[in-house]
2 protein chains.
Amino acid sequence: MAVDAPSDLAVVLRGHGYRLTSPRWLVWSVLRSAGGHLTAEEIALEVNAADPTINISSVYRALTLFEDLDLVRESHLGIDDSARWEVAHPDDHFHMVCRQCGGVDHHEGELVDQIRSHLGDHHDFRAENIDLVVTGVCSDCAN
Amino acid sequence: MAVDAPSDLAVVLRGHGYRLTSPRWLVWSVLRSAGGHLTAEEIALEVNAADPTINISSVYRALTLFEDLDLVRESHLGIDDSARWEVAHPDDHFHMVCRQCGGVDHHEGELVDQIRSHLGDHHDFRAENIDLVVTGVCSDCAN
DNA sequence: CTCCTTGCAAACCGTTTGCAATCGA
DNA sequence: TCGATTGCAAACGGTTTGCAAGGAG
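Starting afresh in each chain, residues are numbered from 1 along the sequence in its written order. Labels are handed out in written order, letters beginning with A for the chains and numbers beginning with 1 for the ligands. The predicted nature of this model means local features are confined to residues of pLDDT at least 70 and side-chain atom pairs, given and counted, to a pLDDT of 80 or more, with totals for whole chains, interfaces and linings taken over all residues. The basis for every side-chain value is the complete set of heavy atoms in the structure, and neither hydrogens nor water enter the calculation.

J.: Just checking my understanding: could you explain unusual backbone geometry for this structure?
T.: Excluding glycine, residues mostly have negative phi values, and the peptide bonds linking residues are mostly trans. One non-glycine residue, aspartate 70 of chain A, lies in the positive phi region at around 60°. Position of aspartate 70 of chain A among the secondary structure elements: in the loop between helix H4 (56–68) and strand E2 (72–75). Numbering of helices and strands starts at the N terminus; helices are DSSP runs of H or I of at least 4 residues and strands are runs of E of at least 2.

J.: What is the right way to read the pattern of salt bridges from this model?
T.: A side chain of one charge can pair with a side chain of the opposite charge if their charged atoms are brought near each other. All names here are of chain B. Should a side-chain nitrogen of Lys or Arg be within 4 Å of a carboxyl oxygen of Asp or Glu, the pair is scored as a salt bridge. Per the counting criterion, the structure on display carries two salt bridges over all chains. Between glutamate 42 and arginine 84 there is a salt bridge, with the nearest N and O atoms lying 3.8 Å from each other. Within this pair, whereas glutamate 42 is found in helix H3 (residues 40–50), its partner arginine 84 is found in strand E3 (residues 84–87), the two being separated by 42 residues in sequence. Three labels apply to residues, based on accessible area from a 1.4 Å probe with only protein chains included: buried if under 20% of the type maximum, exposed if over 50%, partly exposed otherwise in between. The exposure class assigned to glutamate 42 is partly exposed, which follows from its relative accessible area of 32%.

J.: Can you walk me through the packing of aromatic side chains in this structure?
T.: Any two aromatic rings considered together are summarised by their centre-to-centre distance and by the angle between their planes. Residue and element names in this part refer to chain A. Each Phe, Tyr or Trp ring, with Trp reduced to its six-membered ring, pairs with another whose centre is within 6.5 Å; inter-plane angles below 30 degrees give stacked pairs, above 60 give edge-to-face pairs, and intermediate values give tilted ones. Per the counting criterion, the structure on display carries two aromatic pairs over all chains. Measuring from centroid to centroid gives 5.6 Å for tryptophan 28 and phenylalanine 66, while their planes differ by 80°, and the two rings are edge-to-face. Note that tryptophan 28 is positioned in helix H2 (residues 22–34) and phenylalanine 66 in helix H4, a separation of 38 residues in sequence. Among the residues examined, tryptophan 28 registers a relative accessible area of 2% and is labelled buried.

J.: What exactly am I supposed to notice about the protein's contact with DNA strand C here?
T.: Neighbouring residues are identified by heavy atoms, a residue being near a molecule or strand if any of them is within 4 Å of it. In the vicinity of DNA strand C there are 20 residues, among which Tyr60 of chain A together with Arg19, Thr21, Arg24 and Ser58 of chain B approach most closely. Those atoms of DNA strand C that come within 4 Å of the protein belong to sugar or phosphate at a rate of 71%. Polar contact criterion, stated in full: a pair of N or O atoms within 3.5 Å, where within protein one must be able to donate a hydrogen and the other to accept it, and residues adjacent in sequence count only if both atoms are side-chain atoms. Measuring from a phosphate oxygen of DNA strand C, one finds a backbone N or O atom of leucine 20 of chain A at 3.4 Å. One of the backbone nitrogen or oxygen atoms of asparagine 55 of chain B is found 3.3 Å away from a phosphate oxygen of DNA strand C. Counting only elements with at least two residues in the surface near DNA strand C, the list comes to H4 of chain A together with helix H2 (22–34) and helix H4 (56–68) of chain B. We call Asp, Glu, Lys and Arg charged. Ala, Val, Leu, Ile, Met, Phe, Trp, Tyr, Cys and Pro are nonpolar, and the rest, Gly among them, are polar. A per-class count over the surface near DNA strand C returns seven nonpolar, seven polar and six charged.

J.: Teacher, can you tell me more about the protein's contact with DNA strand D here?
T.: As a matter of local geometry, DNA strand D sits amid 20 residues, with Arg19, Thr21, Arg24 and Ser58 of chain A together with Tyr60 of chain B nearest to it. Within the side chain of arginine 61 of chain B, one N or O atom sits 3.4 Å away from a base oxygen of DNA strand D. In this structure, alanine 83 of chain B approaches DNA strand D through a main-chain N or O atom, which is 3.1 Å from a phosphate oxygen. Residue assignment for the surface near DNA strand D shows that the elements contributing at least two residues are H2 and H4 of chain A together with H4 of chain B. Considering only residue class, the surface near DNA strand D consists of seven nonpolar, seven polar and six charged.

J.: What's the story with helix H3 (residues 40–50) of chain A in this structure? I'm lost.
T.: All names here are of chain A. Buried within H3 we find Ala40, Ile43, Ala44 and Val47. Around the axis of H3, the buried residues are gathered within 100° of arc, so they sit on the same side. Facing away from the buried side of H3 by more than 90 degrees, the exposed set consists of Glu41, Leu45 and Ala49. Directions are taken from the helix axis to each C-beta atom, and the arc is the one they span.

J.: Looking at this model, I keep getting lost on the interface of chain A and chain B. Mind explaining?
T.: It is common to report an interface's size as the accessible area lost on association of the parts. Of the residues lining the interface, 31 residues belong to chain A; the matching set on chain B comes to 31 residues. Between chain A and chain B the total buried area reaches about 2600 Å² when both faces are included, carbon and sulfur atoms providing 63% of it. At the surface where chain A touches chain B, the tally comes to zero salt bridges. Here chain A is connected to chain B by six residue pairs in polar contact (both at pLDDT 80 or more). Listing elements by their share of the side of chain A that touches chain B, those giving two or more residues are strand E4 (93–98), helix H5 (110–123) and strand E6 (126–137) of chain A. Considered class by class, the residues forming the side of chain A that touches chain B number 15 nonpolar, ten polar and six charged. Two residues qualify as a contact provided that any one of their heavy atoms is within 4.5 Å of a heavy atom in the partner residue. Put simply, buried area is how much 1.4 Å-probe accessible surface two parts lose in total, over both of them, once they are put together.

J.: Whenever I open this one, the side chain of histidine 37 of chain A confuses me. Can you help?
T.: Residue and element names in this part refer to chain A. Relative to the elements of secondary structure, histidine 37 occurs in the loop between H2 and strand E1 (38–39). A distance of 3.1 Å separates a polar atom in the side chain of histidine 37 from a polar atom in the side chain of histidine 95. Ignoring anything within four residues of it in the chain, the contact list for histidine 37 reads Glu42, Leu77, Arg84, Trp85, Glu86, His95, Val104 and His106.

J.: How should I be thinking about the side chain of histidine 118 of chain B in this particular structure?
T.: As for its position among the elements, histidine 118 of chain B is in helix H5 (residues 110–123). Residues contacting histidine 118 of chain B, with those up to four places away along its chain left out, are Glu110, Leu111 and Gln114 of chain A together with His123 of chain B.

Here it is, written out as structure tokens:
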């Protein structure tokens, strides 16, 4: 199910016995509009722009809950030592981190699919999650 | 250069203005004999078996230094929240983490090379480091 | 003899947790 | 109503750092 509106999120939450609250909704909408790669602190900053009373611990709790429900995904991109979060996308994708500008590109495409089938064919390993982080220099910075 | 003996490590270190010390040598030999995937705490434990006076902060300092010299590599395998270290291997490889037994397999082969050339061909991105962590169920646990 | 390196302990910082008050359904 | 959820503040755990003592070259 696509989770676009508060009522959709509420359905998913209630289906698992959880409630829709304003911290949860705000965290969810920040993640959706940002398109991913946010730290908990960055999320809290945006959430607090809408409601300054919301504590960062509720942001962490919402993120943990959303991860359990497969709504978001945590990754360690190596930009710093903190975790980053993005909306769980059904399509496979991978991250390209530029060592110079720090930018993170988000690529979908055949590559992750190729990796997945390679693993099944050559390694007898049922891959559930493929976390590919490529570090290097992006085309903008290479010039 | 292969760094196998204390004298070899000393050459690398002195070549960059650093000294060979016993904490550094012990951290290096633990990493070499373990074949990778150790946390700083695990390294400190083994180092302390040889010399209980060595502090974990020296382990961290040695690891950071070795990383700067491209002798070791840090990775976040998602087993827990702490970093893990392995000897930097010139050959490309990737990690397969089993969700059930927690085992980490270490695979060399054509896969990472294929990824690297795909990135050059399709994405105009000069990949320096390719960090591929595959989570799933290994063949032992699948039965 | 120099000054790089260490052990120690305290600081640091992202994240988690216990608890009483609050709020959603 | 009533239990899930929150804000707060304190705890937590991995990692880093300041400093004086110690050790390599």
